[in-house]
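# Per-entry structural report
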Amino acid sequence: VSASFSSPSTAATRLAPRAVDLEHFVRERQARWSRLESLLNEVDRLPERAVGAQRLLELVRLYRQTCADLNEARAYTANPQLLGRLNQLAGRGYRFVYRRSHARPTWAALRELLAREIPAAFRRERLVVLAAAAAFVVGVAVGAGAVLADPLNAERLIPAEFFTESPHERVERIEQEPERIDSTEDAAAFGTFLFSHNIQVSLLVFSLGALTLVGGIAMLFYNGVILGAVAATYVLDGVPAFFFAWVGPHGALEIPAIIFGGAAGLRLGCALLLPGGLSTATSLRRAFPSVWRMLLGTAIVLVIAGLVEGSFSQFSARIFPYPLKIGVAAVLFVLLLAALFLRRREPEAAP
Amino acid sequence: VRSWRGRQILTPEHVEIELLPAGLGSRFLAFVVDLTLVLAVSSLSGQLLVSLLPGGFGMVVYGILWLGLQWGYHVFFEVRYAGVSPGKRAVGLRVVDGRGLPLSLEQSFVRNALRAVDALPVGYAVGAVACLFERYGRRLGDVVADTLVVRDARFGVFDRRMAGGRAFNSLRTPRLLRLIRHRVSLEEREFLGAVCLRAPELEDRARFDLMDEVGRFYRDRLEIEDTHLSGENLVRGLAGVLFAERSTPRARLESS
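Residues numbered from 1 in each chain as written. Chains lettered and ligands numbered in written order. Predicted model: local features only at pLDDT ≥ 70, side-chain atom pairs only at ≥ 80, totals over all residues. Heavy atoms only, no water.

Moving on: the pairing of strand β1 (residues 7-10) of chain B. All names here are of chain B. Burial of β1 is one-sided: the residues Arg-7 and Ile-9 facing one way are buried, the residues Gln-8 and Leu-10 facing the other way are not. Of the strand pairs in this sheet, β1 and strand β2 (residues 16-19) are connected by four bridges, and their pairing is antiparallel. Opposite Arg-7, over in β2, you have Leu-19 as the bridge partner. Here β1 hands over to β2 after five residues, with His-14 in that stretch at a positive phi of 60 degrees. (Buried < 20%, exposed > 50% of the residue type's maximum accessible area, 1.4 Å probe, protein only. Helix = DSSP H or I, 4+ residues; strand = E, 2+ residues; numbered from the N terminus. Pairing = 2+ DSSP bridges.)

Below, the structure written as structure tokens:
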């Protein structure tokens, strides 16, 4: 009667060729699995340089053994607990053994990122930046053209909440009333609100571009139309200088920043939706280095723009005359473009 | 509740590892924990900064800090702690690269930037809907960054004593053992083991129905003629035969 289920069978069977005592299998190897788990728990919390050669070698050895155990266990059983645990251990081991090594974050690396890598990313992706800028500029032209052709279009294009008073009245009111911002607290609070809000908007434009391409272009175009229409109403009402002095100083940074955010989205959207001959995963991974640097650059520019908008932009002509404000706007715009797009001397290659 | 397909990774050791996507509920829970932490830290530091630093300076620092916390919190933990933020640790989740590796700084940046869309219009509605339709149950940010939130909880200890251990088993006959070898697959053996392991958790009525159904199936499959055997006894007996320990003393086997 020794012909039990676990005896070796000769014919082709649907069970494992040599039925294995799973309890024995587990008992024999449980110790190494637990050891691997505790090692992985340790190194998860450690910086890379603190791992140490001894621990590393043991971890790699245990990881390989566990991989073999997983393959073996799959042949013997479909037990969800056992396979789940081994699968998880092998996965964690794989993540540790084959990960990219992290460079230690240093101040030098941060300076390098800000001074060289972000501008380089923008220069590398200048085509999408141009495309995003074109969508925006076409929007401005369409908006302005529509209003100049027929002033009634302004009411159709510009959201109703901006239509409380005519540009002319608004200019008079703002230039007569006491200053809106009369303390640094107000300026700081308003600026902070503005850059938080603008970063949200840029991220939305970025995300829509990344997901749909068309959505990003449409958002840029729509924002352009509104700006163009508003500008045209001020021009028609005979107060263009007010508009440019009021919007210019921060707009010179804010508008490019939104275009940059949109461009980063378009770059990612191209990688996601038009991967060409590459797999989507590969084409996305090629886009990431440029995209995250462009996003970071966008956020930094928006913080600066928000602070300018909260303070300098809000002062009336009695304190800062229009020419000064428009001049500052031009200088900021040129500085921004020069910082990002002017080719710099490459650092000397190490001998 | 639907379960999503796992993603298969082939390691250089030629072992297939499966990445098991986490469900919506656990991810939302983890997010709520993280959000609470961010709000607590930022409101506390906000009070401090605004009252300590002169003029509007505290406000600006606080604004930048709030931005940094809101967007940098997830990036920091995902990169520094291999995809585990405090909330995810509490719930037992981990963000990994779509290829099974730790996610990189740039991936973390992108997946968190797309929260701007996923969080629309309120409470991550867009992200939740995307999860329902995506193959691996990912929100849009994870799709674009090619990352995956996986379950990282501890698995229960392997224990199958409850399934086996029937010293006297009328099913252990040479004829039935031969039929089992030919007609019961590996998966079915595990299924029967799982039924026995979970039976105590079932309600009496449900357990009876389940056992009856499974028993009827195997009664036909294995041509068992003993009509007096109840479904439950048949299933438990079969499981006992299937999981009989090799180390069982021969005397015990022979006595049956």
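All names here are of chain A. Interhelical geometry of helix α4 (residues 107-124) versus helix α11 (residues 280-310) gives an angle of 115 degrees and a closest axis separation of 9 Å. With respect to their mutual orientation, α4 and α11 come out roughly perpendicular. Seen from above, α4 lies across α11 with left-handed handedness. Contacts between α4 and α11 involve Leu-113, Leu-114, Glu-117, Ile-118, Ala-121, Phe-122 and Arg-124 from the former and Ser-290, Trp-292, Arg-293, Met-294, Leu-296, Gly-297, Thr-298 and Ile-300 from the latter. (Axes fitted to C-alpha atoms, helices over the stretch in contact; angles between N-to-C directions. Parallel < 35°, antiparallel > 145°, perpendicular 65-115°, else oblique. Left-handed = near helix turned anticlockwise from the far one by under 90°. Contact = heavy atoms within 4.5 Å.)

Next up on the list: unusual backbone geometry. In this model, Leu213(A) sits at a positive phi of 60 degrees, which is unusual for a non-glycine residue. Position of Leu213(A) among the secondary structure elements: in the loop between α8 (184-212) and α9 (214-236). Residue Leu213(A) is classed as buried on the basis of its relative accessible area of 16%. One non-glycine residue with positive phi stands out, namely Ala82(B), at about 50 degrees. The topology assignment puts Ala82(B) in the loop between α2 (57-80) and α3 (86-91).

Our next topic: the pattern of salt bridges. Any two side chains of opposite charge can pair if their charged atoms end up close together. Going through the model one piece at a time under the given rule, you end up with 28 salt bridges over all chains. The partner of Glu134(B) in a salt bridge is Arg138(B), and the shortest N-O contact between them spans 3.1 Å. The exposure classification of Glu134(B) matches that of Arg138(B), with both residues buried. Among the salt bridges present, the one from Glu232(B) reaches Arg236(B), with a minimum N-O distance of 3.1 Å. With Glu232(B) and Arg236(B) both in helix α11 (residues 231-242) and four residues apart, the pair spans about one turn of that helix. Sharing partners across several salt bridges, the network here consists of Arg285(A), Arg7(B), Asp97(B), Glu134(B), Arg138(B) and Asp146(B). (Salt bridge = Lys/Arg side-chain N within 4 Å of Asp/Glu carboxyl O.)

Bringing a nonpolar patch on the surface into the picture now. Residues and elements named next belong to chain A. On the surface, Trp-107, Leu-110, Leu-114, Ile-300 and Ile-304 cluster together into a nonpolar patch covering about 520 Å² of accessible area. Contributions of two or more residues to the nonpolar patch are made by α4 and α11. When residues of the nonpolar patch are assigned to their parent elements, the largest contribution, three residues, is made by α4. (Patch = residues over 30% accessible without salt bridge, like charges linked within 9 Å, V, L, I, M, F, W, Y side chains within 5 Å. Areas by Shrake-Rupley, 256 points an atom, 1.4 Å probe, with all protein chains shown as cover.)

One pass over the structure, following the stated rule, counts 13 aromatic pairs over all chains. Measuring from centroid to centroid gives 6.2 Å for Phe25(A) and Trp33(A), while their planes differ by 55 degrees, and the two rings are tilted. Both residues of the pair, Phe25(A) and Trp33(A), count as buried. Here the aromatic residues Tyr73(B), Phe76(B), Phe77(B) and Tyr81(B) are joined through ring pairs into a cluster of three or more. Just above the ring of Tyr81(B) sits the side chain of Arg80(B); from NZ or CZ to the centre is 4.8 Å. (Phe/Tyr/Trp six-rings, centres within 6.5 Å; stacked < 30°, edge-to-face > 60°. Lys NZ or Arg CZ within 6 Å of the ring centre and 35° of its normal.)

Residue placement: Asp146(B) occurs in the loop between α7 (140-145) and β4 (147-151). You can call Asp146(B) buried: its relative accessible area is 5%. Separated by 3.4 Å, the side chains of Asp146(B) and Arg7(B) make a polar contact. When near neighbours in sequence (up to four residues on either side) are disregarded, Asp146(B) contacts Ala281(A), Leu284(A), Arg285(A), Arg7(B), Asp97(B), Gly98(B), Gln107(B) and Arg138(B). (Polar contact = N/O pair within 3.5 Å; in protein donor to acceptor, adjacent residues only side chain to side chain.)

Time to look at helix α4 (residues 105-113) of chain B. Among the nine residues of α4(B), eight are classified as buried, and the element is accordingly described as predominantly covered. Those residues of α4(B) that fall on the buried side of the exposure criterion are Glu106(B), Gln107(B), Ser108(B), Phe109(B), Val110(B), Arg111(B), Asn112(B) and Ala113(B).

Time to look at helix α12 (residues 322-341) of chain A. Residue and element names in this part refer to chain A. With 20 residues, α12 should reach 28 Å at 1.5 Å per residue; the first-to-last C-alpha distance of 28 Å fits that figure. Turning to α12, its buried residues are Lys-325, Ala-329, Leu-336 and Leu-340. The arc enclosing the buried residues of α12, seen along the axis, measures out at 45 degrees, which places them on a common side. Residues of α12 that are exposed and point over 90 degrees away from its buried face: Pro-323, Val-334 and Leu-335. Packing partners of the buried residues in α12 comprise α4, α10 (240-273) and α11. (Expected span 1.5 Å × (residues − 1). Arc of directions from axis to C-beta.)

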